[in-house]
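Per-entry structural report
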Amino acid sequence: MLYNLAIAIYDIIVHLAAPFSRKPRKMMKGHRVAYKLLRQQLDCKVRYIWFHAASLGEFEQGRPLIEKIRALHPEYGILLTFFSPSGYEVRKNYRGADIVCYLPFDKPRNVRKFLDLVNPCMAFFIKYEFWKNYLDELHRRHIPVYSVSSIFRRGQIFFKWYGGTYRNVLRDFDHLFVQNERSKRYLAKIGVTHVTVVGDTRFDRVLQIRQEAKELPLVEAFKNNMLTFVAGSSWQPDEDLFIEYFNRHPEVKLIIAPHVIDESHLVEIIGKLKRPYVRYSRADDNNVRKADCLIIDCFGLLSSIYRYGEIAYIGGGFGAGIHNTLEAAVYGIPVLFGPKYQNFQEAVQLIEAKGAFTIKNGNELNAILDRLLTDEPFRKESGEASGSYVTGNSGATDKILETIRLPHSS
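Residues numbered from 1 in each chain as written. Predicted model: local features only at pLDDT ≥ 70, side-chain atom pairs only at ≥ 80, totals over all residues. Heavy atoms only, no water.

1. Quick word on a nonpolar patch on the surface
Condition: Surface patches are drawn from residues lacking salt bridges whose relative accessible area is over 30%; two like charges belong together within 9 Å, two nonpolar side chains (Val, Leu, Ile, Met, Phe, Trp, Tyr) within 5 Å. All accessible areas in this document rest on Shrake-Rupley with a 1.4 Å probe, and a residue is counted as covered only by the protein chains that are shown. Any carboxyl oxygen of Asp or Glu within 4 Å of a side-chain nitrogen of Lys or Arg constitutes a salt bridge here. The numbering of helices and of strands both runs from the N terminus, where a helix is a DSSP run of H or I of at least 4 residues and a strand a run of E of at least 2. A 1.4 Å probe rolled over the protein chains alone gives each residue an accessible area, and that area as a share of the maximum for its type sets the label: buried under 20%, exposed over 50%, partly exposed in between.
A cluster of nonpolar side chains, namely Leu2, Leu5, Ile9 and Ile13, defines an oily patch on the protein surface of about 420 Å² accessible area. Within the secondary structure, Leu2 is located in helix H1 (residues 2–17). Take Leu2: its relative accessible area is 72%, and that puts it in the exposed class.

Rendered as structure tokens:
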């Protein structure tokens, strides 16, 4: 009852916020048309496998599994649902799924209506998605449901004395595919034993991204065979440090792909630069060769741009936490980031593998960059450690497919 009350209150809050905020407004609009979209697009002759991701990051974790099942079993339909507009709005036209829509709020009536319409033969919930009513109803209907790339920590509600309701939700899963042995141990302590450690499907995804990386002639022309430092998803505290270093080191070029791309932030970055720069949207083959700094003022290129760097810096470590380190590490280059990385298993392990380095201030950044730029064997060794870490942890998708059994398609 308390859970259902909390969901109802959240629903009300989103409705109240919708007139004043774009994100709740998009969510409400998406929820209103979800059932209509399903009725229009569902094919009664097809059995659907349902994947649910909260947002874009979780989708990227589930994507290798979606695409592997699609390739091996094209007889199934794929339904992809999102909770957040930041996932749905970016991937609503994703061709790897037959249907993409929002997941209606986890109210009992919505759940029954949704499952009556879709009647999936199997469901996958990615990482932290534990919607009680959906999972309970899937279990009651004997529809196999799996948790993919989940990770569990001691502080989560499942392991608290008052977390009994949530512990029961975990028992709805037919199997949980977790990222590490620690998660498996925590689950075993509360009697959840249908668990397999497979690692993180994101490793498979970044290897796929590397294979599909775009060739960017303007970036190639900018680099011009010089040592290049790529700063991805950077924020102002990150930029304050590496731009100061860059201004003093003409032997290295800089590519900045800021996390926030708006005019005020771009102007702020430009104001700190003391060397020639060009914005990607205004670059041509002539002016890009004269620039020492290339500012990426558009989305969708960062994962391909890392291939042009000898060293990568990942932003966010002076704020809520670092962004995606694996997209850079997959290219076999050393990775740097700020001090808030402890909640990111891959960052901790990259440091342990000696493929990444964390810095707390400008002096520490200066010291590690000085060594990486002047000691080529050290830079090469660090890069190889970084790349080997990614390739060595791949394969989670295949391990999952080896464990599950897809039901008959007809």
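There is more to say after this.
2. Focus on the sheet that holds strand S5 (residues 145–150)
Note the cut-off: Any two strands with at least two DSSP-identified bridges between them are counted as paired. Every axis in this analysis is a line fitted to C-alpha atoms, fitted for helices over the stretch in contact. Angles between the N-to-C directions lie between 0 and 180 degrees. In this description, contact between two residues means that some pair of their heavy atoms is separated by no more than 4.5 Å.
Here we have 7 strands laid out as an open sheet, ordered S3-S2-S1-S4-S5-S6-S7, and parallel in their pairing. Each having just a single partner strand, strand S3 (99–102) and strand S7 (195–197) make up the two edges of the open sheet. Each strand axis lies, on average, 20° off the axis of its neighbour in the sheet, ignoring direction. Sheet contacts for helix H2 (residues 22–41): strand S1 (48–53), strand S2 (77–82) and S3; angle to S3, the most-contacted strand, approximately 145°.

3. Quick notes on the packing of H2 against helix H5 (residues 108–118)
For clarity, the cut-off: Should an angle fall under 35 degrees it is called roughly parallel, over 145 degrees roughly antiparallel, and 65 to 115 degrees roughly perpendicular, with every other angle called oblique. What makes a crossing left-handed is the near helix being turned counterclockwise from the far one by less than a right angle; a clockwise turn instead makes it right-handed. Residues were grouped as follows: Ala, Val, Leu, Ile, Met, Phe, Trp, Tyr, Cys and Pro as nonpolar; Asp, Glu, Lys and Arg as charged; and all remaining residues, including Gly, as polar.
Viewed as axis vectors pointing N to C, H2 and H5 meet at an angle of 15°, and their least axial separation amounts to 10 Å. The orientation of H2 with respect to H5, classified from their angle, is roughly parallel. Viewed along their axes, H2 and H5 form a crossing whose handedness is left-handed. Between H2 and H5, the residues in contact are Tyr35, Leu38 and Arg39 and Asn110, Lys113, Phe114, Leu117 and Val118, respectively. Residues belonging to the contact of H2 with H5 are distributed by class as follows: 5 nonpolar, 1 polar and 2 charged.

4. Quick word on the pairing of S1
Basically, it comes down to this: A clockwise path from the first strand over the helix to the second, with the strands pointing away from the viewer, defines a right-handed crossover.
Burial analysis of S1 places 6 of its 6 residues in the buried class, which makes it a mostly covered element. Of the pairings in the sheet, the one linking S1 to S2 comprises 6 bridges and is parallel in character. Following the sheet pairing, Ala53 is matched in S2 by Phe82. With helix H3 (residues 56–72) bridging S1 and its parallel neighbour S2, the resulting β-α-β unit is right-handed.

5. Details of the packing of helix H11 (residues 236–247) against helix H12 (residues 263–272)
Close contact between H11 and H12 brings their axes to 10 Å; oriented N to C, the two are set at 30°. Judged on the interaxial angle alone, H12 and H11 are roughly parallel. In the crossing of H11 with H12, the sense of the turn from one axis to the other is right-handed. On H12, the residues that touch Gln236, Glu239, Asp240, Ile243 and Asn247 of H11 are His265, Glu268, Ile269 and Lys272. Here the contact of H11 with H12 is built from residues that sort into 2 nonpolar, 3 polar and 4 charged.

Everything listed here is a matter of geometry and, on its own, says nothing about what the molecule does.
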